[in-house]
Amino acid sequence: MRKNRSAALTAASFLLLTGACIAAAPSAVAGTPGGTHANDRNSDFNGDGYEDVLVGAPGATVSGQKGAGLVTAQYGSSRGMGTTSVDRFSQSTAGVAGAAEAGDGFGTAVATGDLDGDGYDDAIVGIPGEDIGDTADAGGVAILWGSKEGLSGAASDWLETQEPTKGEQFGLSLAAAHLTGETPGDVLAVLDRDDLELFAYDAAPQADGQAPLRRQATERLSAAAEGRDILPKSLTTGDYDDNGYADLVVSGVSVGDEPGHGWSAYFSGNADGLAYERDLRGGPAAASGDINHDGYDDLVTGEPNSPDDGGETQTGGLVGVRYGGEDGPSQDVKWWTQDTAGVPGTAERGDGWGADLSVADTDGDGYADVAIGAPGEDIGTVADAGAAWVLRGSDAGLTASGAKSWDQNSADIPGVAEKGDKWGAQVRLTDPNRDGRFGLLAAAPGENLGDGVVWVLSAGTGGVTASGSWTYGAESLGAPGKGAAFGAAIDE
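My aim in this report is to walk through the structure given alongside it, one point at a time. In this text the structure is predicted, and so the values were computed from the model without any measurement. Position numbers for residues count from 1 along each chain, tracking the sequence in the order it is written. Per-residue local features are limited, in this predicted model, to residues with pLDDT of at least 70; the limit for side-chain atom pairs, both in listing and counting, is 80 or more; totals at the level of whole chains, interfaces and linings are taken over all residues. Heavy atoms from the whole structure form the basis of all side-chain values; hydrogens and water molecules are not counted.

Moving on: the packing of aromatic side chains. In this scheme Phe, Tyr and Trp rings, the latter by its six-membered ring, pair at centre separations within 6.5 Å, and the angle between planes marks the pair as stacked below 30 degrees, edge-to-face above 60, and tilted otherwise. The tally for this structure, following the rule as stated, stands at 9 aromatic pairs. Ring centres of Phe170 and Phe199 lie 6.2 Å apart, and the angle between their planes is 80 degrees; on these two criteria the pair is classed as edge-to-face. With Phe170 in the loop between β9 (156-159) and β10 (173-177) and Phe199 in strand β12 (residues 196-201), the pair connects residues that are 29 residues apart, well separated along the chain. Burial classification: accessible surface area is computed with a 1.4 Å probe over protein chains only, and a residue below 20% of its type maximum counts as buried, one above 50% as exposed, and the rest as partly exposed. Relative accessible area serves as the criterion here: at 0%, Phe170 is assigned to the buried category. With a centroid separation of 5.7 Å and 70 degrees between ring planes, the pair formed by Phe267 and Tyr276 is classed as edge-to-face. Assessed through its relative accessible area of 1%, Phe267 is described here as buried. For the purposes of this entry, the term helix denotes a DSSP run of H or I that reaches at least four residues, the term strand denotes a run of E that reaches at least two, and both are numbered from the N terminus.

The next subject is the environment of Gly133. Turning to its location among the elements, Gly133 is positioned in the loop between β7 (122-127) and β8 (140-144). Sequence separation between Gly133 and Pro164 is 31 residues; the distance between their C-alpha atoms is 9.5 Å.

What the 4 strands build is an open sheet, ordered β23-β24-β25-β26; its pairing is antiparallel. Pairing within the sheet leaves two strands with one partner each, and these edge strands are β23 (356-360) and β26 (399-406). With direction set aside, neighbouring strand axes in the sheet form an average angle of 20 degrees. For two strands to pair, DSSP has to find at least two bridges joining them. Relative to β26, strand β25 (residues 387-392) runs antiparallel, the two sharing 4 bridges. Paired with Trp389 across the strands is Ser405, a residue of β26. Geometry is summarised by axes, namely lines fitted to C-alpha atoms with helices restricted to the contacting stretch, and by angles between N-to-C directions that run from 0 to 180 degrees.

A patch consists of residues whose relative accessible area exceeds 30% and which take part in no salt bridge; residues with like charges are grouped when within 9 Å of each other, and nonpolar side chains (Val, Leu, Ile, Met, Phe, Trp, Tyr) when within 5 Å. Each accessible area is a Shrake-Rupley result for a 1.4 Å probe, and residues are judged covered by the shown protein chains and nothing else. Criterion for a salt bridge: a side-chain nitrogen of Lys or Arg within 4 Å of a carboxyl oxygen of Asp or Glu. Working convention for charge: Lys and Arg count positive, Asp and Glu count negative, and His plus the chain ends are omitted. Here the site of a charge means NZ on Lys, CZ on Arg, CG on Asp, or CD on Glu. A grouping of Glu101, Asp131, Asp134 and Asp137 is seen on the molecular surface, where their side chains present a negatively charged patch. Position of Asp137 among the secondary structure elements: in the loop between β7 and β8.

Within the element layout of this structure, Ser234 appears in strand β15 (residues 229-238). Within 3.5 Å is the distance limit for a polar contact, defined as a pair of N or O atoms, with the added protein rule that one can donate a hydrogen and the other accept it, and that residues adjacent in sequence qualify only through two side-chain atoms. A polar contact of 2.3 Å, which involves the side chain of Ser234, links it to the backbone oxygen of Pro284.

Before going further, it helps to spend a moment on the pattern of salt bridges. By the definition in use, this model includes 5 salt bridges. Residue Glu303 is joined to Arg281 by a salt bridge in which the shortest nitrogen-to-oxygen separation is 2.7 Å. Taken together, the positions of Glu303 in strand β20 (residues 298-303) and Arg281 in strand β18 (residues 273-281) put the pair 22 residues apart, joining distant regions of the chain. For Arg437, the salt bridge is made with Asp435, and the minimal N-O distance between the two is 3.6 Å. Judged by its relative accessible area of 26%, Arg437 is partly exposed. On the accessibility criterion, Asp435 (33% relative accessible area) is partly exposed. Connected through salt bridges with shared partners, the residues Asp363, Asp369 and Arg392 form a single ionic network.

This is how it looks when you write it as structure tokens:
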């Protein structure tokens, strides 16, 4: 990567995977999160066929160090997901590189993927506040390798950027998917404060004892006339062109003359590598799945703070849907707000509608649905209590028909809406009991003065329901909970 980093990711570039350990892809490669082209959604650490859930608590106090952070892994089963079959990891866990230090933020970002192609998904943990030597907040990434027994600290590795710099915050966002045929497993994409790096598995020893993941070569083209600078914030993957390889979308906000607008850079995956294709309006949140059941994954972007021409927030948030096809995500986009006919609620400044997204089939009808978080939603006079929505997929695409929303004052939802809870700051659709219907996890990292709590809403033939919903926090899983911001990150 560049020694002198620009302040943003220039869109007119392409990434070419080269020099990796070349091997034929195994018969069962890890799937695309949110996608419909593989049985594995990249969340099965012990290979038993049930989805597992990885949750970050970056504010947790570990070994007396405030904000050192931790993650929890809950294993799915025929009974679903609970609070007993759980592993907990931090930099105080035996075998995990480094030491728990104040402000590290272990678990600020989390992702999963089968990096080595062994059939077991691996957990990837971002630690953007990690100091590398005397370089403050350079950031790092921990790799917890999956196995038949699940995850363990003993089977872990470390990853950092090539030339750490102060405040770089390597590990701010993560994603892994089978982007190319040139690697035996998933390719790992890592964002820092303003750049993107890619890594592919290579069993050969790496420099400085780092993980067996080789940094990929990056080549850049001259800036195109329509190119723009995008400050990257998040990553998603999906097979938008249905060629059997995942594609990568880097989502963020524009910088320069018209700052703050959501934009994304689309990179297509194929047998030979990963190539930049074009910019797409929408971001900085993004998720993927096949909403209209046509065999192509669709791209959903969220813009929780959409500025007008004067730079002031003009809406309570925008969600855009681009349907996949032979050429990837469509140039045409359908915009949704809380003021769209049939969507519950009213768009108000500061709602943050679209701050987080998840895409999966909640009722088993074959159409992926879209979960939308709005952590800034006011509930009555209670500011920033937060709420979550599910909009349904159909043959015609996303529809408001049957749309539902919930908050902590909704019937059957435990708790009470309180100022600053930020309910819905993270939303995740998950199927831990493998019944084909994805229930909703809605996190409120501000709950209980910053302890953080996750709500579990199950799914039936009618989709997500509040009936029987329940909650848990870090302490429910045997981890320190005070100020943990549990649920600030949940793997998609």
